[in-house]
Amino acid sequence: MTASTLPHADAALQARLAAIVGERRVLVRAGELRTYESDGLPGYHARPSIGVFPGTRDETIAVVRLLAELGMPFVPRGAGTGLSGGALAEGVVLLGLHRLTRIISIDAEDQRALVEPGVVNAALSRAAAPFGLHYAPDPSSQTACTIGGNVAENAGGPHCLKYGVTLNHVLALTALLPNGDVVTLGNADGECEGYDLLGAFIGSEGCFGVALDVTVRLARNPQAVRTLLADFSSLDAAAHAVSAIVAAGIVPAAMEMMDGPTIQAVEASIYAAGYPVDAAAILLIELDGAAAGIDADADRVAAFCREAGARGVRTASDPAERARLWQGRKKAFGAMGRISPHLVVQDAVVPRTKLPAMLAEIARVAAEYRVKVCNVFHAGDGNLHPNIGYDATSPDESARVHAAMAAIMQACVAAGGTITGEHGVGIDKLPYMDSLFSPATLGAMCALRDVFDPARRANPGKVVPMHSCREWHAAPSARS
Amino acid sequence: MKSSLPTIPDTCAIPGTPLSDARAGIDACVHCGFCLQACPTYLTLEDENDSPRGRIVLMRALVDGSLPVDDGDVRTHIDRCLGCRACETACPSGVPYGHLLEATRATLTRVKPNPPVARLILFAFARPALLRLVMLGGRIARATRMSRLLSRLPGRFGFAMAMLESTRSAVKRARYVPRSDAERGTATLLTGCVMEGLFAPTNRATERALSANGYAMTATAGQRCCGALHAHAGDDEGARQLARANIAAFERSRADYIVVNAAGCGAMMKEYGQLLAGDAAWHERAAKLASRVRDVSELLAEAGPRPGGALPVKVTYDAPCHLLHAQRLATPPLRVLAAVPGLELVPLDGSEHCCGSAGIYNLIEPDVSDRVLAPKLANIAATRAPMVATGNPGCLMQIGAGLHRAGMTCRAVHPVDLLDASYAAQAAAERGS
């Protein structure tokens, strides 16, 4: 049974859900569900059969157990800022978790916090700030996205270059499995014994269940920070600077690249950061750690940039300027609306050494398909985010954009890269899974999913192409 | 599995409506969600339909015809918007949300009019004689302490009486005559409806404080309501009529600046050009007039302002949305307060969030308004300041009424009142020495 042929919600289900969460928190009418048809990638939209929004842990458990009893599929959703269509609920129940916003505890001495899944990423860092702590993973959408969503997508962010992604900052979580069981994954007090189910759950894109609470590690604020802005007259030069810095053994906290069109969009916005609008590319490089030696490292980074052809390198003079430089970078995706009425954003990773060649290839693809590409990405990780603005009312332009995206993804895979760095597979990357993984590998993914959700009711139709699982189950002998 | 990007039809289901004209603004939204946490109704009601992104989705649905203009849910969520425009200062794409909201309301109210109480208020504000009578009644109720008595009544009527009660002057000051060398040019005050009706001492304080900072004050006859309440409520034609009357009146004034001490009115007048964009005969005049409009804090900050006498008082500051988000003026009011020696400014958590006043919103959406006000009052209480400064009559009355009904002794006050009191104290000290 595919998602689209599932039975639509009936009045009985509506009443039973309302008995748990209250009438106001069950949405059934077209006008109420419209905004929940999309996540942060509104090119895709799908109408849920019903939307249910529990406000407490107990309500969440009761809702999921009711859905289990009825055998109904559901799609978890946080703040709806995802960029792979992962929270689309086509004809099934949408389970919104953004109301679970309690920061249950902050343990400053042991540097950890226990939070509900709807806590906004930046709100957690704000709450930890009085203790000199912060939550390190900082996706660009951090002012809006939730910790639960971060766990589902194994979210990254500029600073994961040095500090690692969500996986490296979650110690334990309480998971509500699709069958209604509540299980503890990981160990808040230290190493976890047995199989690393926590690692399997993080990044499972809502297919293994939902998190009821998450114990995260809080990082101590670094003693010193230096934020450099290097200004280049070509993307290629900037890409070579990245390679040189990494090759020299310097590990910046973050190393981000933005190209000319992106810079201009940001500088036209309320988040104007003072980037040079005539630059073909900028690198935003942050060094942090002990105060001793940081200026020497900053000087070396600046020297590598100049050697690669930077027109200028400047350092943020105070925390306010540093914050401004980062705000500009983090809001760049949102600023794309200034360029075109519609937008797709890609998320591909290539080995860092391939960055210059890949940027050239993206430019070639853009020219071939006559599309407008804006590059804003995590250069230090080789994690590219080509944004393509277009007019979705034009079938011709839409087709060209789609073809260009596919060509870029294939080029990344051919260069030894992968199809997502941090946005997840969702539905947007599904078509590329076969080109990246062997049938046996995809089959192993299906088998793992069966452990958590044998009925495949949680976020159906995402991540692993349906046919992979079907083939896997149809031919058990092929497994040996 | 999607084999290609979905395309969307390039059609408009509601041609010729204000919303269809605003379509480019809708298209600027990329659905990133960065506005969510800036939106007071989203934070309060926890439904994305009550967020800027959700409302823009509904607007788009009206334009493409996938939802009808008489859809009840669309109306509910559009009505529930405070119009605080905090989303505009969070939006990287520069979506002109306030404009979209007004265009949507203008489109929807043609299908189904506003509730009677809203229409009654708009009717009164558009008629100067009637409005003067209403304000007189208010002052009598205040002078006879009727408002204090009636403010104990439950519900909206009691709240409205508490609003009235809260307009009692919060500062005591001696009279003084400001020096006036007029070195900074001339200014004329938009006296305003509620400001002149219930906050007349603040208007006089505004004139004195500006005089004391080198502005020669002149009066402008024939001015009317700025039209902001009408524009926000979807009565765009009513707003345009009032704007034309004001443009004609203020064109007769030769003053360099049209100074406004009500943030909501100032924001409206600065947008007269946009309001009359479709009116060939008036557009240019409107834009020219708008360029002369300044908030009082802007003019004062430009002049320093000149420091006054000591006023040892603890004050917290709440930013009016139409000053911070619509006019993008964050620091000038703080500079006004900083010119008062002895005044200790205590930061207010969430000062960038709306108080729930939002024009006449607190009278027509009382439940949501109360829920938005609650955290504001709690944050004010946490500062332990006996005064909260804010430069807009709606906010002064909303916060003032909330404080009054909660039995708190803290008073809401216009920043200019504090500066004026400081100048008065200085004059008294000079006379005494």
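On a predicted model such as this, the values are computed, not experimentally measured, just so you know.

### What about the overall build of chain A?
So, step 1. Counting its regular elements, chain A contains 17 helices and 20 strands.
So, step 2. Its C-alpha radius of gyration of 23 Å places chain A within 12% of the 23 Å reference for a compact globule of 480 residues.
So, step 3. Its C-alpha atoms give chain A principal-axis dimensions of about 65 × 55 × 50 Å.
So, step 4. Sorting the 480 residues of chain A into buried and exposed places 56% on the buried side.
So, step 5. Contacts spanning at least 24 positions in sequence make up 72% of the contacts within chain A whose residues lie at least 6 apart.

### With respect to the overall build of chain B
So, step 1. Scanning chain B for helices and strands turns up 24 helices and eight strands.
So, step 2. Against the 2.2 N^0.38 benchmark of 22 Å for 433 residues, chain B shows a C-alpha radius of gyration of 22 Å, consistent with a compact globule.
So, step 3. Along the first, second and third principal axes, the C-alpha atoms of chain B reach 85 × 50 × 40 Å.
So, step 4. Relative to its full complement of 433 residues, chain B shows a buried share of 56%.
So, step 5. When contacts within chain B are restricted to residue pairs at least 6 apart in sequence, long-range pairs at least 24 apart make up 78% of them.

### Here's the deal with the domain arrangement of chain A
All names here are of chain A.
So, step 1. We note that the domain assignment places domain 1 (3-96), domain 2 (103-220), domain 3 (223-337), domain 4 (340-434) and domain 5 (435-469) within chain A.
So, step 2. Relative placement of domain 3 and domain 4: their C-alpha centres are 22 Å apart.
So, step 3. With 20 residues of domain 3 at the interface, the matching set in domain 4 holds 17 residues.
So, step 4. Elements that contribute at least two residues to the side of domain 3 that touches domain 4 include exactly helix H8 (235-247), strand E13 (254-259), helix H9 (260-267) and helix H12 (332-335).
So, step 5. The element best represented in the side of domain 3 that touches domain 4 is H8, accounting for seven residues.
So, step 6. Partitioned by chemical class, the residues of the side of domain 3 that touches domain 4 number 14 nonpolar, three polar and three charged.

### Details of the sheet that holds strand E3 (residues 257-260) of chain B
All names here are of chain B.
So, step 1. Strand order in the open sheet made by the four strands is E2-E1-E3-E4, with parallel pairing throughout. The sheet is open, and its two borders are formed by strand E2 (216-218) and strand E4 (293-295), each paired with just one other strand. On average, each strand axis in the sheet is tilted by 40 degrees relative to the strand beside it, whichever way the strands run.
So, step 2. Of the pairings in the sheet, the one linking E3 to E4 comprises three bridges and is parallel in character. Counterpart to Ile258 in the pairing with E4 is Val293.

### What to know about unusual backbone geometry
Outside of glycine, negative phi angles account for most residues, and trans bonds account for most peptide bonds.
Residue and element names in this part refer to chain B.
So, step 1. Here the residue pair Gly304 and Pro305 is connected by a cis peptide bond, since its omega of -10 degrees sits within 30 degrees of zero.
So, step 2. Of note, Glu46 is a non-glycine position whose phi angle comes to about 60 degrees, a positive value.
So, step 3. As for its placement among the helices and strands, Glu46 is situated in the loop between helix H3 (40-45) and helix H4 (52-64).
So, step 4. Under the C-beta neighbour-count criterion, Glu46 is labelled partly exposed, with 18 such atoms within 10 Å.
So, step 5. Within the chain, Arg384 stands out as a residue other than glycine whose phi angle is a positive 60 degrees.

### Notes on the interface of chain B and chain A
So, step 1. Contact residues are listed per partner, giving 36 residues for chain B and 45 residues for chain A.
So, step 2. Of all the elements in the fold, those that place two or more residues in the side of chain B that touches chain A are H4 and helix H5 (72-79) of chain B.
So, step 3. Tallied by class, residues from the side of chain B that touches chain A come to 18 nonpolar, 10 polar and eight charged.

### Section: the domain arrangement of chain B
Residues and elements named next belong to chain B.
So, step 1. Partitioning chain B into structural domains gives domain 1 (18-111) and domain 2 (306-432).
So, step 2. Between domain 1 and domain 2, the C-alpha centre-to-centre distance is 29 Å.
So, step 3. Contacts between the two partners involve 14 residues from domain 1, matched on the other side by 14 residues from domain 2.
So, step 4. Of the residues forming the side of domain 1 that touches domain 2, the biggest block, four residues, is contributed by H3.
So, step 5. Among the residues forming the side of domain 1 that touches domain 2, the class breakdown is five nonpolar, five polar and four charged.

### Details of the confidence of the model for chain A
Residues and elements named next belong to chain A.
So, step 1. Of the residues in chain A, 96% reach a pLDDT of 70 or more, and the chain-wide mean stands at 92.
So, step 2. Across residues 1-9, confidence stays below pLDDT 50; counting only partners more than four residues off in sequence or on other chains, it has 19 contacts.
So, step 3. Below a pLDDT of 50 lies the segment residues 475-480, which in the model reaches one contact outside its immediate sequence neighbourhood of four places, other chains included.

### Here we look at the environment of A:Ala108
Residue and element names in this part refer to chain A.
So, step 1. Looking at the secondary structure, you find Ala108 in the loop between strand E5 (103-107) and strand E6 (112-115).
So, step 2. When the 14 C-beta atoms within 10 Å are taken as the criterion, Ala108 is described as partly exposed.
So, step 3. For the pair Ala108 and Leu133, spaced 25 residues apart in sequence, the C-alpha to C-alpha distance is 7.7 Å.
So, step 4. Setting aside chain neighbours within four positions, we find Ala108 in contact with Phe131 and Leu133.

### Describing the packing of helix H14 (residues 236-251) of chain B against helix H17 (residues 283-290) of chain B
A pair of packed helices is captured by two measures, namely the crossing angle of their axes and the spacing between those axes.
Residue and element names in this part refer to chain B.
So, step 1. As a packed pair, H14 and H17 sit with axes 10 Å apart at the nearest point and diverge in direction by 65 degrees. The crossing of H14 and H17 is left-handed. In contact with Ala243, Ile247, Phe250 and Glu251 of H14, H17 contributes Arg285, Ala286 and Leu289.
So, step 2. Residue classes in the contact of H14 with H17 are distributed as five nonpolar, no polar and two charged.

### Quick look at the environment of A:Ala62
All names here are of chain A.
So, step 1. By the element assignment, Ala62 lies in helix H3 (residues 57-70).
So, step 2. Of the residues examined, Ala62 has 18 C-beta atoms within 10 Å and is grouped as partly exposed.
So, step 3. The spatial distance from the C-alpha of Ala62 to the C-alpha of Val21 is 9.1 Å, given a sequence separation of 41 residues.

### Some words on the packing of helix H12 (residues 200-212) of chain B against helix H24 (residues 415-432) of chain B
Residues and elements named next belong to chain B.
So, step 1. Two elements in contact, H12 and H24, have axes separated by 9 Å at closest approach and are oriented at 60 degrees. Relative to H24, H12 is oriented oblique. As for the relative orientation of H12 and H24, their crossing is left-handed in sense. Here H12 contributes Thr202, Ala205, Thr206, Arg208, Ala209 and Ala212 to the contact with H24, which in turn contributes Val416, Asp417, Leu419, Asp420 and Tyr423.

### So, the sheet that holds strand E3 (residues 74-77) of chain A
Residues and elements named next belong to chain A.
So, step 1. Strand order in the open sheet made by the four strands is E1-E2-E4-E3, with mixed pairing throughout. One side of each edge strand has no neighbouring strand; the edge strands of this open sheet are strand E1 (26-27) and E3.
So, step 2. Taken together, the two bridges between E1 and strand E2 (residues 50-52) define a ladder with antiparallel strand orientation. Considered in E2, the bridge of Leu27 is made with Gly51.

### As for H17(B)
All names here are of chain B.
So, step 1. Of the residues making up H17, those classed as buried are Ala286, Leu289 and Ala290. Projected down its long axis, H17 shows its buried positions confined to an angular sector of 100 degrees, all on one face.
So, step 2. Of the surrounding elements, those touching the buried residues of H17 are H14, helix H15 (263-270), helix H16 (272-275) and E4.

### A closer look at the pairing of strand E16 (residues 342-345) of chain A
All names here are of chain A.
So, step 1. Side chains His342 and Val344 of E16 all project onto a buried face; the interleaved residues Leu343 and Val345 project onto the opposite face, where all are buried too.
So, step 2. Sheet topology places E16 next to strand E20 (residues 386-390); four bridges connect them, and they run antiparallel. Paired with Val345 across the bridge in E20 is Asn387.

### Overview of helix H16 (residues 439-452) of chain A
All names here are of chain A.
So, step 1. In this model H16 runs 21 Å from its N-terminal to its C-terminal C-alpha over 14 residues, within 8% of the 20 Å that 1.5 Å per residue would give.
So, step 2. Three or more residues of H16 are buried, namely Leu442, Gly443, Arg449 and Phe452. One side of H16 holds all its buried residues, which, seen down the axis, span an arc of 165 degrees. Along H16, exposed side chains directed more than 90 degrees from the buried face belong to Ala440, Thr441 and Val451.

Definitions and cut-offs
Residues numbered from 1 in each chain as written. Chains lettered and ligands numbered in written order. Predicted model: local features only at pLDDT ≥ 70, side-chain atom pairs only at ≥ 80, totals over all residues. Helix = DSSP H or I, 4+ residues; strand = E, 2+ residues; numbered from the N terminus. Rg over C-alpha atoms; globule rule 2.2 N^0.38 Å. Buried ≥ 20, exposed ≤ 12 C-beta atoms within 10 Å, placed from the backbone. Contact = placed C-beta atoms within 7 Å. Domains from an automatic or database assignment. Nonpolar A, V, L, I, M, F, W, Y, C, P; charged D, E, K, R; others polar. Pairing = 2+ DSSP bridges. Axes fitted to C-alpha atoms, helices over the stretch in contact; angles between N-to-C directions. pLDDT = per-residue confidence, 0-100. Left-handed = near helix turned anticlockwise from the far one by under 90°. Parallel < 35°, antiparallel > 145°, perpendicular 65-115°, else oblique. Arc of directions from axis to C-beta. Expected span 1.5 Å × (residues − 1).

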